[in-house]
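# Results of the structural survey
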Amino acid sequence: MFVKKLVEKASKKQPVGSSDGLKSQDVDPRLAFHYGIPGGSILFAYDSVQKILGIATRDGRIKLFGKDNTQALLESNGTVPSKFLQFIENQGILLNVTAENHIEVWDIDKKLLSYMHISQEEITSFMVLHRSFFMYLGDSLGNISVLKLEQEPCHMMQMKYTIPSTASRGTSLFECMILFGPNVTMGPQTSIAPLHSRNPGQILSQPSVTAGIAATFLPILKVNTAPAINWNPTEVAGGTAVMHILPQPTAESKRVLIIFRDGLIVLWDIQESKVIFKTGVNMLQPLSHETKTVISACWACPFGGKVVVGYNNGEVLIWNVPPITNPSNRAAADKELYSSHNAPMYKLNLGYKSEKIPIASLKWAYADGKASRLYVMGGCDIQSANLLQVILLNEQTESRTIKLGVHLPEPCVDMVIISSSNEQSKHSQDSFLLLGKSGYMYAYDDCVIEKYLLQYQSRSSPSLPKEIMVKLPFSDSSITIAEFITDNPDSLNSPDKDFISLAKSIPPFLPSEAKPNDETRLNSTNFGGLAKIKNLYITGHSNGAIYFWDLSCPFLLPILSIKQQSEDDLSLSGIALTALHFDRDSHYLISGDQSGMVRIFKCKTEASGTATSFISLQGSTKKGSNHVVQSIKLIKVNGSVLSINISYGSRHLAIGSDRGYVSLIDMEGPSLLYQKHIGSELSTGVISVRFETCILHGFEKNVLAVATKDSSVLALDSDTGNTLSTSMIHPKKPSKALFMQILGGHDAFGKGSYTSENIDLNKGNYVEDSKQLLLLLCSEKAAYVYSLTHVIQGIKKVHYKKKFNSCCCWASTFYTPSDAGLVLIFTNGKIEIRSLPELSLLKETSIRGLALSTSKSNSLSNSSICSARDGELIVVNGDQEMFALSILLQNEIYRLLDSASHVYRKDLVVSQEGLISGPLVHKERKKGIFSSVIKSSKTKHVPDMEAKDTKESIEELSSIFSVANFPYAGKGDNLETDEEEVELDIDDIDLEDPGEKAKGQNMMAALNKQKLTSKFQALKGKLKQVKFKNEKSSTKEEQQDEKAGAVDQIKKKYGFPTSGESSVFKMAESKLNENLRKLQAVIDDGARVKKKRAGGY
């Protein structure tokens, strides 16, 4: 007994048959390339110049699709989702804002993370200024900062220019608390609202001051934010968050539209640092009990005159925004600005509000003429017919709404319109893409959508646009089983230029890249047969078809398909394939399906002639398969086929089924030699069968090792089918078996010897001087190494065992010229490389996005995994993505990895004429849905395009952004006053005091009646020459006595009704007119004094 323990211990320390064994430095599990759409996709970005589509995922990956089937995968440092994704167009730069408020700067050409900027605030909006390196950043506090990307060296520069919340929003919080909030008092805490942040709509709702001067010119208002004021800070902070920053078309370097979460819309003048227009649903409705917040917005006008806003309650409103005007038209524009009402110009009734579906996204597509469209996408977890609608939206449209309801297969999270053009035929094709919540991508021909809306408007019967699911080029079926054969010594060594040419000729992955006469065909003139392909990938599909692909390059190069059931029946069987086996030496291809049908294809070693110059992947013809397939034989077994193995010496075929049957077939007939049922306690499915020859009692014996789903193993006499084991071997706690292999046998092709030598097996009865073979069994929970002799005896003795910490979903062996290893893939994406036979851990890594699941009983898995002998793995996840994984360190089997991932083209030259700031706008307009709710378009002026050169505008912006426009702006959204300035109190201004008039004459004389309106908006200075009184209460007790009636006293003092009256705005307007009259009197008095003094001299 002591000798036995000593031998076992020594064998574990140094495995026999491999003096050195596989070492950790020999392996490097890694992702060689990724093909397709990554799972968990949530966000689009598009470079319209380079024609690059970017897709961000929930786990920090970004997939890029370029022209000519180029694809690249970027991985962030953290596995966090993206909030915003945007290109700096035609510059090879991609900006990714993560959920952790990190701004990543990606170099697309080098595929490297160049820089990362960390924001201290929560980023709620992000916008790159077109044709520049400037970007706006909006945060949850309502502030906007400006960043600039410097390229050499790459870093983000924080510009001094800011748009603080107090400047853009003004004193709306103060107004609400004074007019409507309880327990309002005036106190020492200060909130700044610059004068230029107000428009007449606000002035009408503000309290009047004694002579109107404070309501018009007061730059600073004091508000007490003590706890006595009853308001929710969280709700206010959330409402002030900047949701959208939209540079105004034709004036991007001059104006920017800011939309806050609570619905406030502000047009900001960049050069003058002031608000020139305000509107929005919440400005005049502070008492509304409906919680309505902004979610989405977009421009709906090529010159920035209309903006569409989507809300969380399902409303879609169109707001009017004053466009850029010439100086000659400034007075008319100002008059229109002041007379504008705070109400949306149009409300789209699309049914979202009735179903309480929030408006998740809005996109507007401009078409010169009458085909401009608005894409509205609802965000909802439940299926609804209203999730996506496309509306014909332009001024030529009739009063009735022309729309198309697109029935989506699932709720979607983002949408984008991409385009491509064929340089030879100048053919342009636009595609409308959608991302589903499951990560699938759906595509529609945008031209068909446009045609539908135009034909529907003419009351004809248009055809509905067809939906295309963007997926891997696997025809109309999914992969159920696959084989991968690499390192073919007889493969042809074609030059790289041939593969580059083929890459351009294969069907594009994205539908927008398809050429007008594209067909899924491949020129096979140079096809020399399956034996000439270096990396052969064979896939079996759910419809019974078999496809052959060349994976020598990082894209699927189609070769041929086999769809016929027999030599006479050329149609598809429609039954999913469940097992595949291709023997490269004998060129036999064996397939098994769910019905138990086994097909034996004898393939030709070389292609017979060039009679078929094209091999079609769209359909199967007898001529198309006969140049590769020599013969087809069929035989039926009992149950769905799970495992296949070939005996190299006897040309016998072993088949294992899900019903527990092991069938031995003579391939020459074919004929069924025997069928053996394996009785199992838990699961009868036979997941693996292996032929082997071993020595028993001094005689050579042909053995068939069998593994079942419940991790049981046993041995049969392969010639007769009789059971050699006295009992089945299985672990104490069975789990689902995944893989079984005999180490050191025929499947290792004589390379390496992984055996246990001279181990005392059952008192030495079966041990002679020969080496004993080992059997490896992997399940979801553990891996076991047995002696094959023990298995034949029925002796349960585990030589090596390793329990897994997580659930394993796939396992296989790989081989080097001298050693072997075990690769394990877990459901969480982790990959482990272990040595054989001792199962020690060599390397482990995690492949991001490789989230797999084990297949349920009697169901097909959603994923397909296969491996080659040298450890190259191909993982197909559903129908949308493929991972190519390499295990060995110096094994580089793929060609053109760099060129196939080169999505950015430096040599792309785009003329400045092709990059005008906006589309041309025709002056002639017909009445439509917009003109029906506003004044006649004849009184409107079509805004001119931005006249300055782009470079000049950007240089001017650079100088503006480099200067602090609010030098006293703090880190928060409050601005501090100058120490030399005297704080203004609204209660301390007495314009009627004669003593104050003389000190204010210099300012008042500068004003005149004609310029009064523009001065209301343009005045930036602070009044320093007005003398203030400071009337304060003598004791705290007096202040407490006045708190109870503070609201009513303030309302009454400023002319507002205290309760039960609905004429608030009329009262405010009347009070303003009175104040203006008093102001005019002050101006006239000042003029008379000045005249009198002049006459006196």
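Each remark here, short or long, concerns the structure printed above.
Bear in mind the structure is a predicted one, so any value in this text is a computation, not a measurement.

Cut-offs used in this document
Residues numbered from 1 in each chain as written. Predicted model: local features only at pLDDT ≥ 70, side-chain atom pairs only at ≥ 80, totals over all residues. Heavy atoms only, no water. Helix = DSSP H or I, 4+ residues; strand = E, 2+ residues; numbered from the N terminus. Buried < 20%, exposed > 50% of the residue type's maximum accessible area, 1.4 Å probe, protein only. Contact = heavy atoms within 4.5 Å. Areas by Shrake-Rupley, 256 points an atom, 1.4 Å probe, with all protein chains shown as cover. Pairing = 2+ DSSP bridges. Axes fitted to C-alpha atoms, helices over the stretch in contact; angles between N-to-C directions. Phe/Tyr/Trp six-rings, centres within 6.5 Å; stacked < 30°, edge-to-face > 60°. Lys NZ or Arg CZ within 6 Å of the ring centre and 35° of its normal. Core = buried A, V, L, I, M, F, W, Y, C linked by side-chain atoms within 4.5 Å. Polar contact = N/O pair within 3.5 Å; in protein donor to acceptor, adjacent residues only side chain to side chain. Patch = residues over 30% accessible without salt bridge, like charges linked within 9 Å, V, L, I, M, F, W, Y side chains within 5 Å. Salt bridge = Lys/Arg side-chain N within 4 Å of Asp/Glu carboxyl O. Lys, Arg positive; Asp, Glu negative; His and termini not counted. Charge placed at Lys NZ, Arg CZ, Asp CG, Glu CD.

## Side note on the overall build of the protein
Helices and strands together make up the secondary structure of the protein, namely 19 helices and 59 strands. Looking at the protein residue by residue over its 1097 residues, the buried ones come to 54%. Restricting to contacts in the protein with at least 6 residues of sequence separation, those with at least 24 account for 61%. Working note: accessible area of the protein is about 48,700 Å², and carbon and sulfur atoms make up 50% of it.

## Considering the sheet that holds strand E49 (residues 737–743)
With antiparallel pairing, four strands are arranged side by side in an open sheet as E49-E50-E51-E52. Single-partner strands in this sheet number two, and they are E49 and strand E52 (798–803). Strand-to-strand twist across the sheet, computed as the mean angle between neighbouring axes with direction ignored, equals 10°. Examined bridge by bridge, strand E50 (residues 774–779) and strand E51 (residues 782–787) share five bridges and lie antiparallel to one another. When the sheet's bridge partners are listed, Leu776 is paired in E51 with Val785.

## Examining unusual backbone geometry
Note the cis peptide between Glu152 and Pro153, where omega equals -15°. Within the element layout of this structure, Pro153 appears in the loop between strand E12 (144–151) and strand E13 (154–163). Of note, the bond from Leu836 into Pro837 is cis; its omega dihedral lies within 30 degrees of zero at 5°. One non-glycine residue with positive phi stands out, namely Arg131, at about 60°. Assignment of secondary structure puts Arg131 in the loop between strand E10 (123–128) and strand E11 (134–139). We classify Arg131 as partly exposed; its relative accessible area is 27%.

## Observations concerning the packing of aromatic side chains
For the structure shown, the criterion picks out 13 aromatic pairs. Ring centres of Phe804 and Phe826 lie 5.4 Å apart, and the angle between their planes is 90°; on these two criteria the pair is classed as edge-to-face. Here Phe804 is found in the loop between E52 and strand E53 (808–815), whereas its partner Phe826 is found in strand E54 (residues 820–826), with 22 residues between them in sequence. Phe826 shares its class with Phe804; the two are buried. Every member of this aromatic cluster is reached through a ring pair, and the members are Phe134, Tyr136, Tyr161 and Phe961. Directly above the aromatic system of Phe260 lies the positively charged group of Arg169, at a separation of 4.8 Å from the ring centroid. Of note, Lys292 hangs over the ring of Tyr311, and the distance from its end group to the ring centre comes to 5.1 Å.

## Examining the sheet that holds strand E35 (residues 546–550)
Taken in spatial order, the four strands of this open sheet run E32-E34-E35-E36, and their pairing is antiparallel. Every interior strand has two partners, whereas the edge strands, strand E32 (479–485) and strand E36 (557–562), have only one. Between one strand axis and the next, the sheet turns by 20° as a mean value, whatever way the strands run. Both strand E34 (residues 536–541) and E35 contribute to a ladder of five bridges, which runs antiparallel. Its bridge partner lying in E35, Leu536 is registered against Asp550.

## Things to note about the pairing of strand E27 (residues 403–406)
Every second residue of E27 is oriented toward a common face, the buried set being Leu404 and Val406 and the non-buried set Lys403 and Gly405. Pairing analysis gives four bridges linking strand E26 (residues 388–392) to E27, with the strands arranged antiparallel. Paired with Val390 across the bridge in E27 is Leu404.

## Regarding the environment of Phe826
By relative accessible area, Phe826 is classed as buried at 0%. In sequence terms Phe826 and Cys808 are 18 residues apart; their C-alpha atoms lie 4.1 Å from each other. The contacts of Phe826, once residues within four sequence positions are left out, are Phe804, Ser806, Cys807, Cys808, Cys809, Glu832 and Leu850.

## What to know about the nonpolar core
In terms of nonpolar packing, the biggest core is built from 42 residues, with Trp268 and Phe961 touching the most fellow members. Cys553, Leu556, Met882 and Ala900 belong to the second-largest nonpolar core, a separate cluster that totals 41 residues.

## Describing the side chain of Thr70
Position of Thr70 relative to the elements: it lies in the loop between strand E4 (61–65) and strand E5 (71–75). Side-chain polar atoms of Thr70 contact the backbone oxygen of Lys67, separated by 2.8 Å. Among all residues touching Thr70, those that are not within four sequence positions of it are Leu64, Phe65, Ser899, Ala900, His902 and Val903.

## Focus on the environment of Leu888
Position of Leu888 relative to the elements: it lies in strand E59 (residues 881–888). Sequence spacing of Leu888 and Thr816 is 72 residues, and the spatial spacing of their C-alpha atoms is 8.5 Å. Setting aside its immediate chain neighbours within four residues, Leu888 contacts Asp26, Val27, Asp28, Arg30, Phe814, Tyr815, Thr816 and Asp870.

## Description of a positive patch on the surface
Taken together, Lys732, Lys733, Lys781, Lys796, Lys801 and Lys803 make up a surface patch of like positive charges. Residue position: Lys733 is located in the loop between strand E48 (713–717) and E49. Exposure remark for Lys733: the relative accessible area of 70% places this residue in the exposed category.

## A few points about the pattern of salt bridges
Going through the model one piece at a time under the given rule, you end up with 18 salt bridges. Residue Asp59 is joined to Arg61 by a salt bridge in which the shortest nitrogen-to-oxygen separation is 3.2 Å. In this structure, Asp59 and Arg61 share a single accessibility class: buried. A salt bridge links Lys701 to Asp717, with the nearest nitrogen and oxygen atoms 2.7 Å apart. Highlighted residues: Lys701 in strand E47 (residues 699–708) and Asp717 in strand E48, separated in sequence by 16 residues.

## What to know about the side chain of Asn535
Here Asn535 lies in the loop between strand E33 (521–523) and E34. Take Asn535: its relative accessible area is 0%, and that puts it in the buried class. Among the polar contacts listed, one links the side chain of Asn535 to the backbone oxygen of Ile893, at a separation of 3.2 Å. Residues in contact with Asn535, not counting those within four places in the same chain, are Phe484, Ile485, Thr486, Asp487, Trp549, Asp550, Leu551, Ser552, Ile893 and Tyr894.

## A look at the pairing of strand E3 (residues 52–57)
Along any regular strand, the residues point their side chains to alternate faces of the sheet. In terms of residue burial, E3 counts as a mostly covered element, since six of its six residues are buried. In E3, alternate side chains face the same way, and those of Ile52, Gly54 and Ala56 on one face and Leu53, Ile55 and Thr57 on the other are all buried. Relative to E3, strand E2 (residues 41–47) runs antiparallel, the two being bridged by six bridges. Across the sheet, the residue bridging to Leu43 is Ala56, located in E3. In this antiparallel pair of consecutive strands, E2 and E3, the connection spans four residues, and Lys51 shows a positive phi of 60°. As judged from the four bridges shared by E3 and E4, these two strands associate in the antiparallel manner. Residue Leu53 lies in a different strand from E4, and its bridge partner there is Phe65.

## Structural notes on the environment of Leu257
Tracing the backbone shows Leu257 in strand E17 (residues 255–260). The sequence separation of Leu257 and Asp269 amounts to 12 residues, and the corresponding C-alpha distance is 9.0 Å. Those residues within four positions of Leu257 in sequence are excluded, and the remaining contacts are His244, Ile245, Leu246, Ile265, Val266, Leu267, Trp299, Val307 and Val321.

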